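# Structural overview for review
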Amino acid sequence: PISVPPEPSDASGAIINKEKPTVVVLRARMFRLALLVALAGSAAADRTRMEPDVDVFHSVNWIRGGRVTDSETLKVEFWLKHDDADLADFHDTYMRLATPGTRDYARWLSREEVVAKLAPSREALDSVLDFCVYELGATSINVNKFRSVVEVEVRARDVEKALETSLYHHTHHVYKKVDVVRAVEAYSLPAHVARHVSVVGELLRFPRMRFADPKLGGNAFKGRRDRNQPAVNISELDPSWTACGAEYATNVNPAVLAARYGFAYPFTSSAPENTVAVGEFQGEYYDDDDLSYFSTLCGLATPVTIATTVGGNSPQRCETGLQPCIESLLDIEYIGAITGDIPLTVVYSEDYALLDYANTLSDMDSPPLVNSVSYGNDEVQQTGSDFMESVNTAFMKLGAMGVSILFAAGDQGVWGRSGVGATYHPDFPAGSPYVTAVGGTDFAEQTVIGEETAWSDGGSGFSDEFPTAEWQTDEVAAYLKTDNLPKDSMYNAAGRGYPDVSALGGSVNPYTVAYRDGSIAAVSGTSASCPVVAGMIAQLNDARLAAGKPALGPLNPLLYQAGEAGAYNDVTTGKTSGGLAGGFPAAPGWDAATGYGTIIFDKLMAVAMDA
């Protein structure tokens, strides 16, 4: 079977796209098959290398194993190209929808309207469907609801042959049981197919495994104070510090965050339409016992629970292994504590694939309104322009439907996961203009709720792929006049600057996280900061929805306007050196270390309600 969504129609049921609707029947393909056979000889050499700017097919963190076997199958996704002019027009539409003060602000599109405005041509779709049937031997094909991704699961050896590449298993050097199949050389497509395809995912990118902060190593276990944390006089602390127990009084908890940022806590209401989600990837599951333990430990008025799981869950995996489920539990425990009664969804991707995650969101009937993802990679790490642009397009479509997408900015300062080099290594997708990037801060004085400073390991900088976004041109220009910036040769001053905003995430006061049958870890990272900001955005959405207003959708134009309204705690000290040399310094206003700073909730609420 071949599943192709119907053409979008207007209220009368008439087809919006004036071309003849795609009808997938075998008879309609026989002529093309005959033509393909007739041209096979001349076409054999007429191939196009895909993702030509990716020239590294290995990773120091992944160990190559055996080649795929005859019996193995592999899921692959063909991401179709869009017309450049159509993309430019759709971007303009997106910006009108996302920018407060415009006539069209927050008049979000339906999925049908998105497809009518931006979908690959029928020629493109048919060309890829033919290739899947006749070259890959696909017997079941799915086309996503945006009509832009063709997904098949076929024999891995057939993928090797059709794409002229070699596929091998790889295991992670720490997590030995984690196995991914990746190409160890370039792949190609017949030219007549390649002209319609942006990328075939996921063949090249090695995923970044999420770890608890290596400085703490998750070693602040229950019943024992971490050696990095000094003794404190509890009687001198703000009572918020002991909200999850006196023995964890040097760790951030939900009450500390509420005391600093001013969001409603506990949050015990929810507009009927409101939703929030976290994105998790292979091996990062959750278990209800640890969520319950955290809820009890911290005295939450509404226990953290999951309303919906997309993609499955294996809670037994949270009981064994190295730092089991810590990172996913961090996401869930803190976004759940902040959002209270708002239904929480976990969107899980088995394949460590950002494209797969984007496609999963795209195919949901009602994608969650706010999505927090603590995942990313350096732009230079096998990412490639075609890959990044494909992800961008997917996020732009979701944004036009009123969906907010937030990503952690990274945890290695300006050097990224690639380490020290001749230039800094910006993060993706934090550097995408279609997501909100969340950086990290520390309290300026340990265990004192007050001023913050830039976390030295917070991801930050300027994209090498995407230009300065239109909603930040003034802010970036002002920051580039700041004293003590890095040498010009270290970064792309014309790039999209990030992060946009920040929240506590550093190791001065790490987060209290419950995991593995009630153990407690102290964890830091922008993977903590991101769900905290996302939780606050979900509270803003709740107020807007309750007042009959639409959800906020893409956040950045509003967040940057809010900077002019004084809606942030301005962070002006520290720099993102990654614990080494260099880095971007914090400065008054927006900066490439912490963005606009951290949220003052009541002021941002006022901006959001006036928009």
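Quick note: structure is the one above.
Residues numbered from 1 in each chain as written. Predicted model: local features only at pLDDT ≥ 70, side-chain atom pairs only at ≥ 80, totals over all residues. Heavy atoms only, no water.

## Details of the overall build of the chain
The line we're drawing: Helix and strand assignments follow DSSP, with helices taken as H or I runs no shorter than four residues and strands as E runs no shorter than two, numbered in order from the N terminus. Each residue is assigned to one of three classes by its accessible area relative to the maximum for its type, calculated with a 1.4 Å probe on protein chains only: buried under 20%, partly exposed between the two thresholds, exposed over 50%. Here, two residues are considered to be in contact whenever any of their heavy atoms come within 4.5 Å of each other. Shrake-Rupley sampling with a 1.4 Å probe provides the accessible areas, and residues are treated as covered by the protein chains on show and by no other component.
Looking only at helices and strands, the chain features 16 helices and 26 strands. Here the chain, with 611 residues, has 59% of them falling under the buried criterion. Partitioning the contacts of the chain with sequence separation of at least 6, the portion at a separation of at least 24 is 79%. Surface accessibility of the chain: about 22800 Å² in total, with carbon and sulfur atoms responsible for 51%.

## Some thoughts on the packing of aromatic side chains
The line we're drawing: Aromatic rings from Phe, Tyr and Trp, with only the six-membered ring used for Trp, were paired whenever their centres fell within 6.5 Å, and each pair was classed as stacked if the ring planes differed by under 30 degrees, edge-to-face if by over 60, and tilted otherwise.
Under the defined criterion, the tally for this structure stands at 24 aromatic pairs. Pairing W62 with F206 gives two aromatic rings, centres 6.2 Å apart and planes at 35°, and the pair type is tilted. Within this pair, whereas W62 is found in strand β3 (residues 62-67), its partner F206 is found in the loop between β10 (197-201) and α8 (254-261), the two being separated by 144 residues in sequence. W62 sits in the buried class, given a relative accessible area of 6%. Ring geometry for F462 and Y491: centres 5.4 Å apart, planes at 25°, overall stacked.

## A look at the nonpolar core
What counts here: Here the nonpolar core consists of buried residues drawn from Ala, Val, Leu, Ile, Met, Phe, Trp, Tyr and Cys, with membership extended through side-chain atoms lying within 4.5 Å.
Formed by 168 residues in total, the largest nonpolar core has its most connected members in F78, V150, L189, L203 and Y511. Counting residues per element, this core draws most heavily on helix α14 (residues 526-546), at nine residues. Beyond its immediate stretch of four places on either side in the chain, L189 contacts R47, T48, M50, F78, F131, L163, A194, V197 and V200. With six residues, the next largest nonpolar core counts W62, V178, V180 and M209 among its residues.

## Let's talk about the sheet that holds strand β7 (residues 167-172)
Note on sheets: strands pair through backbone hydrogen bonds, and any given pair is parallel or antiparallel. The condition is simple: At least two bridges found by DSSP between two strands is the condition for calling them paired. Lines fitted to C-alpha atoms define the axes, with helix axes restricted to the stretch in contact, and inter-axis angles between N-to-C directions lie between 0 and 180 degrees.
Spatial ordering of the open sheet is given by β3-β7-β8, a layout of three strands whose pairing is antiparallel. Each having just a single partner strand, β3 and β8 (179-183) make up the two edges of the open sheet. Neighbour-to-neighbour, the strand axes of this sheet turn through a mean angle of 40°, independent of strand direction. In this sheet, β7 lies alongside β3 in antiparallel orientation, the contact comprising four bridges. Looking at the pairing, I63 lines up with T171 of β7.

## A look at the pattern of salt bridges
Selection rule: Salt bridge, as applied in this entry: a Lys or Arg side-chain nitrogen positioned within 4 Å of an Asp or Glu carboxyl oxygen.
Counted by the stated rule, this structure contains 15 salt bridges. Residues R260 and E452 are paired through a salt bridge, measuring 2.7 Å at the closest nitrogen-oxygen approach. Residue R260 is located in helix α8, and its partner E452 is located in strand β19 (residues 452-454); the two are separated by 192 residues in the primary sequence. With a relative accessible area of 16%, R260 lands in the buried category.

## Description of the state of the cysteines
The condition that has to hold: In what follows, a disulfide is any cysteine sulfur pair within 2.5 Å.
This structure, assessed with the given rule, holds two disulfides. For C244, the disulfide goes to C298, at an S-S distance of 1.9 Å. Taking the sign of the S-S torsion, about 115° here, the bridge from C244 to C298 comes out right-handed. Taken together, the residues C244 in the loop between β10 and α8 and C298 in the loop between α9 (288-297) and β12 (308-310) connect sequence positions 54 residues apart. For C244, a relative accessible area of 2% translates into the label buried.

## Here we look at a negative patch on the surface
Counted only if it meets this: Note that patches include only residues with greater than 30% relative accessible area and no salt bridge, and the join distances are 9 Å for like charges and 5 Å for nonpolar side chains (Val, Leu, Ile, Met, Phe, Trp, Tyr). Positive residues here are Lys and Arg, negative ones are Asp and Glu, while His and the chain termini are left out of the count. All charge positions are set by atom: Lys at NZ, Arg at CZ, Asp at CG, Glu at CD.
A contiguous patch of negative charge on the surface is contributed by D83, D84, D86, D89, D92 and E470. When you line up the elements, D83 lands in the loop between β4 (73-80) and α3 (84-98).

## A short note on the sheet that holds β10
Spatial ordering of the open sheet is given by β1-β5-β6-β4-β10, a layout of five strands whose pairing is mixed. Among the strands making up the open sheet, the edge pair consists of β1 (2-3) and β10. Note that β1 and strand β5 (residues 141-143) share two bridges and pair parallel. Each bridged residue has a counterpart across the sheet, and for S3 the counterpart in β5 is N142. Docked against the sheet, helix α6 (residues 156-163) engages β4, β6 (149-155) and β10, running at close to 120° with respect to β6.

## Some thoughts on helix α12 (residues 385-400)
Cut-off, in case you're wondering: The length a helix should cover is 1.5 Å for every residue beyond the first.
Between its terminal C-alpha atoms α12 stretches 22 Å, which fits the 22 Å expected from 16 residues at 1.5 Å a residue. Note on α12: the residue one or two positions beyond its end, G402, has a positive phi of about 95°.

## Thoughts on α14
An ideal rise of 1.5 Å per residue puts 30 Å on 21 residues; α14 measures up with 30 Å between its terminal C-alpha atoms. Of all 21 residues that make up α14, 19 are buried, and the element is covered over most of its length. Looking one or two places after α14, you find G548, whose phi comes out positive at around 80°.

## So, the side chain of S349
The test is simple: The term polar contact refers here to a pair of N or O atoms within 3.5 Å; inside protein, the definition further demands a hydrogen-donor-capable atom paired with an acceptor-capable atom, and it admits residues adjacent in sequence only when both atoms are side-chain atoms.
Among the structural elements, S349 can be located in strand β13 (residues 344-349). Residue class for S349 comes out buried when judged on its relative accessible area of 2%. A polar atom in the side chain of S349 sits 2.9 Å from the side chain of D356.

## A closer look at the side chain of S432
Relative to the elements of secondary structure, S432 occurs in the loop between β17 (427-428) and β18 (436-443). Among the residues examined, S432 registers a relative accessible area of 0% and is labelled buried. Of the polar contacts made by the side chain of S432, one reaches the side chain of N392; its length is 2.5 Å. Excluding anything up to four places from it in sequence, S432 contacts N392, F466 and R496.

## So, the environment of A186
Within the secondary structure, A186 sits in the loop between β8 and β9 (188-190). In this structure A186 comes out as partly exposed when scored by relative accessible area, which is 23%. In this structure the C-alpha to C-alpha distance between A186 and F57, which are 129 residues apart in sequence, comes to 7.8 Å. Not counting chain neighbours up to four residues away, the residues in contact with A186 comprise R49, F57, E164 and T165.

## Remarks on the environment of D331
Mapped onto the elements, D331 comes out in helix α10 (residues 326-339). Among the polar contacts listed, one links the side chain of D331 to the side chain of S374, at a separation of 3.3 Å.

## Some remarks on unusual backbone geometry
Along the chain, G201 connects to E202 via a cis peptide bond; the corresponding omega equals -10°. Looking at the secondary structure, you find E202 in the loop between β10 and α8. Residues Y265 and P266 are joined by a peptide bond in cis, for which omega reads 0°. Summarising the element assignment, P266 is placed in the loop between α8 and β11 (276-281). We note that R147 has phi near 60°; this positive angle belongs to a residue other than glycine. With respect to the secondary-structure elements, R147 resides in the loop between β5 and β6. Accessibility expressed as a relative area gives 8% for R147, which makes it buried.

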